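Spelled out, the chains give:
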Amino acid sequence: MRLWSLHPKYLDARGLVALWREALLAQAVLRGETRGYRHHPQLARFDDVGAIAQYLRGVHAESLVRGYEFTAGKISRSRCADTLVVRRGQLDYEWDHLMRKLKARDPARARLLSSVTRPQAHPLFRVVAGPVEAWEKV
């Protein structure tokens, strides 16, 4: 499971669809609808269903920009009023990880994104200084 801290606009089609599925799974876990993945480190920063629902709304918004038909009705109505914090080191780590993936499966997109020097975070997150998050398996 990879719940990117990066803005979903950077993902290729395959990555965005995978993110949608994995975030829906995370929502099910946080709702107590599944026993698997309850202790997955990627879920550590999502303290409630409202946070993952807000995350899914950001992914859904990107799907609309691209003309995809992700089903908004699958997102919980729960809300999250605050942004979550992500460290710059985490974003940089994820950016390097994403660029390696894109170079292998979508070299044209990797070239398109190669000029990005300071990638943006998913709209749910507020970026602060700091290293890679403790829950990340480096």
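Reference entry: report on the structure contained in this document. (Residues numbered from 1 in each chain as written. Predicted model: local features only at pLDDT ≥ 70, side-chain atom pairs only at ≥ 80, totals over all residues. Heavy atoms only, no water.)

## Topic: helix α2 (residues 49-65)
And then number 1: Along its 17 residues, α2 runs 25 Å from first to last C-alpha, staying within 8% of the 24 Å computed at 1.5 Å per residue.
And then number 2: The buried fraction of α2 is high, at 13 of 17 residues.
And then number 3: Between the side-chain oxygen of the N-cap and the backbone nitrogen of Gly50 there are 3.1 Å, and the N-cap of α2 in question is Asp48.
And then number 4: In the segment just after α2, Gly67 is the residue with positive phi, at about 80°. (Helix = DSSP H or I, 4+ residues; strand = E, 2+ residues; numbered from the N terminus. Expected span 1.5 Å × (residues − 1). Buried < 20%, exposed > 50% of the residue type's maximum accessible area, 1.4 Å probe, protein only. Polar contact = N/O pair within 3.5 Å; in protein donor to acceptor, adjacent residues only side chain to side chain.)

## Brief notes about helix α3 (residues 88-105)
Note: α-helices contain 3.6 residues per turn, so residues at a spacing of three or four share the same orientation.
And then number 1: Spanning 18 residues, α3 covers 26 Å between terminal C-alpha atoms, matching the ideal 26 Å at 1.5 Å per step.
And then number 2: By the burial criterion, the buried members of α3 are Arg88, Gly89, Gln90, Leu91, Tyr93, Glu94, Trp95, His97, Leu98, Met99 and Leu102.
And then number 3: In this structure, the buried residues of α3 make contact with β1 (84-87), α4 (107-113) and β2 (125-128). (Contact = heavy atoms within 4.5 Å.)

## Here we look at the pairing of β1
And then number 1: The two faces of β1 differ: Leu84 and Val86 on one face are buried, but Val85 and Arg87 on the other face are not.
And then number 2: Here β1 runs beside β2; their pairing, made up of 4 bridges, is parallel. Along β2, the bridge assignment pairs Arg87 with Val128. (Pairing = 2+ DSSP bridges.)

## Looking at the packing of aromatic side chains
And then number 1: All told, the structure shown has 6 aromatic pairs when counted by the stated rule.
And then number 2: For the pair Trp20 and Phe70, a centre-to-centre distance of 4.9 Å together with 25° between the ring planes defines the contact as stacked. Taken together, the residues span a long stretch of sequence, with Trp20 in helix α1 (residues 13-30) and Phe70 in the loop between α2 and β1 at a distance of 50 residues.
And then number 3: Residue class for Trp20 comes out buried when judged on its relative accessible area of 7%.
And then number 4: Taken together, Trp20, Tyr68 and Phe70 form an aromatic cluster joined through their ring pairs. (Phe/Tyr/Trp six-rings, centres within 6.5 Å; stacked < 30°, edge-to-face > 60°.)

## With respect to the nonpolar core
And then number 1: Among the nonpolar cores identified, the biggest contains 35 residues, and Leu3, Phe46, Tyr55, Leu98 and Phe125 are the most heavily contacted of them.
And then number 2: Put simply, the parts of the chain that give this core at least two residues each are α1, α2, β1, α3 and α4.
And then number 3: Looking at which element gives the most residues to this core, the answer is α1, with 7 residues.
And then number 4: Among residues more than four places away in sequence, those in contact with Phe46 are Leu3, Leu30, Ala51, Ile52, Tyr55, Leu84, Leu124 and Phe125. (Core = buried A, V, L, I, M, F, W, Y, C linked by side-chain atoms within 4.5 Å.)

## Some thoughts on the environment of Arg87
And then number 1: Tracing the sequence through the fold places Arg87 in strand β1.
And then number 2: Accessibility expressed as a relative area gives 30% for Arg87, which makes it partly exposed.
And then number 3: Separated by 34 residues in the primary sequence, Arg87 and Ala53 have C-alpha atoms spaced 21 Å apart.
And then number 4: Filtering out sequence-adjacent residues up to four positions away, Arg87 remains in contact with Val128, Ala129, Gly130, Pro131, Val132, Glu133 and Ala134.

## Describing the pattern of salt bridges
And then number 1: This structure, assessed with the given rule, holds 7 salt bridges.
And then number 2: As a salt-bridge pair, Arg2 and Glu94 come within 3.9 Å of each other at their nearest N and O atoms. One end of the pair, Arg2, is in the segment before α1; the other, Glu94, is in helix α3, with 92 residues separating them in the sequence. Each member of the pair, Arg2 as well as Glu94, carries the same accessibility label: buried.
And then number 3: Via salt bridges that share partners, Arg2, Glu94 and Glu136 belong to a single interconnected network. (Salt bridge = Lys/Arg side-chain N within 4 Å of Asp/Glu carboxyl O.)

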